[in-house]
Amino acid sequence: MSLGLLILRVLLAALLFGHATQKLRGWFGGAGLVGTGVAFERLGFVPGARMALVAGLAELTGAASIATGLLTPAGCAVVVGTMTVAAAANSTNGFWAQRCGCDVPFWYGAVAAVLGFTGPGPWSLDTTLGLDNLSGSAQGLAALALGLGLLASVVPLLRAWSALSIPGISAQKVRLITTA
């Protein structure tokens, strides 16, 4: 089980690294900040390049946390929040990837959530540093961190939906919520 958790963490972190560096550096066939920024703006994430930078840095931060097993619930929360935004943005295309759906960000977020609850395992910096039972309740901490990750995804989603003029969501309400 220890080896399985380590392999799962490293594989997810590697995928997140690739996902992030496509945005940030244009690696692995990505569009870089400029190209990703244009795509983000089409989805309502304005300004696109800045939002791409934030998303890429969040993915890299989550990847580093998960790979090393350091502050795992927080790193998983970052990934869950970021992937919730990505999945929601692509959900209008359906679920599956062949139609540019949301299955990939859904899967990355789901695996991060599972790791948030299981913990990184004994081969991690959390265990080495005695951080695997923060606040006496690893499950409660994971639930809190993942809940905060989901809550954090609300702000960029509301801003994007406002930029796209989605009926029922007024720009004024979004500005009030996102600047509060």
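Above this note sits the structure.
Attention here is on the structure that accompanies the text. This structure is a prediction, so every number in the text was calculated from the model and none was measured. Numbering of residues starts from 1 in every chain and runs along the sequence as written. Reporting in this predicted model follows two pLDDT cut-offs: at least 70 for local features of residues, and 80 or more for side-chain atom pairs to be given and counted; totals over whole chains, interfaces and linings ignore these cut-offs and use all residues. Side-chain descriptors were evaluated using all non-hydrogen atoms of the structure, hydrogens and water having been removed beforehand.

Moving on: helix H3 (residues 48-68). The secondary structure listing takes helices from DSSP runs of H or I that are at least 4 residues long and strands from runs of E that are at least 2 residues long, numbered from the N terminus. Here a helix's expected span is defined as the number of its residues, less one, multiplied by 1.5 Å. Look at H3: 30 Å from first C-alpha to last across 21 residues, which is about the 30 Å you get at 1.5 Å a residue. Note on classification: 1.4 Å probe, protein chains only; a residue is buried when its accessible area is under 20% of the maximum for its type, exposed when over 50%, partly exposed between these limits. Among the residues of H3, Gly-48, Ala-52, Ala-55, Gly-56, Ala-58, Glu-59, Gly-62, Ala-63, Ser-65 and Ile-66 are the ones counted as buried. Pairs of residues are marked as contacts when any of their non-hydrogen atoms sit within 4.5 Å. On its buried face, H3 sits against helix H1 (2-25), helix H2 (32-42), helix H4 (72-90) and helix H5 (103-118). Phi turns positive, to about 70 degrees, at Gly-69, one or two residues after H3.

Side chains that carry opposite charge are capable of pairing whenever their charged atoms lie near each other. Salt bridges, as used here, are contacts in which a Lys or Arg side-chain nitrogen is within 4 Å of a carboxyl oxygen on Asp or Glu. Under the counting rule described, the total for this entry stands at 1 salt bridge. A salt bridge links Lys-23 to Glu-59, with the shortest nitrogen-to-oxygen separation between them at 3.1 Å. Linking Lys-23 in helix H1 with Glu-59 in helix H3, this pair joins segments that are 36 residues apart in sequence. Classification of Glu-59 by relative accessible area gives buried; the value is 2%.

Two numbers describe how H3 lies on H4: the axes approach to 8 Å, and their chain directions differ by 145 degrees. The interaxial crossing formed by H3 with H4 has left-handed handedness. Every residue of H4 that contacts H3 at Ala-55, Ala-58, Glu-59, Gly-62, Ser-65 and Ile-66 is listed here: Thr-72, Gly-75, Cys-76, Val-78, Val-79, Thr-82 and Met-83. Gly falls in the polar group here, along with every residue not listed as nonpolar (Ala, Val, Leu, Ile, Met, Phe, Trp, Tyr, Cys, Pro) or charged (Asp, Glu, Lys, Arg). Residues belonging to the contact of H3 with H4 are distributed by class as follows: 7 nonpolar, 5 polar and 1 charged. For helices, the axis comes from a line fit to the C-alpha atoms of the stretch in contact; other axes are also lines fit to C-alpha atoms, and the angle between any two N-to-C directions lies between 0 and 180 degrees. With the far helix as reference, a near helix turned anticlockwise by less than a right angle produces a left-handed crossing, and one turned clockwise produces a right-handed crossing.

It is worth spelling out the packing of H1 against H3 at this point. Following both chains from N to C, one finds H1 and H3 inclined at 160 degrees, their axes separated by 8 Å at the closest point. As summarised for this structure, H1 and H3 are arranged roughly antiparallel, according to the angle between their axes. For H1 against H3, the interelement crossing comes out left-handed. Of the residues in H3, those in contact with Arg-9, Leu-12, Ala-13, Leu-16, Phe-17, His-19, Ala-20, Thr-21, Lys-23 and Leu-24 of H1 are Ala-52, Leu-53, Ala-55, Gly-56, Leu-57, Glu-59, Leu-60, Ala-63, Ile-66, Ala-67 and Thr-68. Here the residues of the contact of H1 with H3 are counted per class, giving 14 nonpolar, 4 polar and 3 charged. Here is the rule for angles: anything less than 35 degrees is roughly parallel, anything more than 145 is roughly antiparallel, 65 through 115 is roughly perpendicular, and the remaining ranges are oblique.

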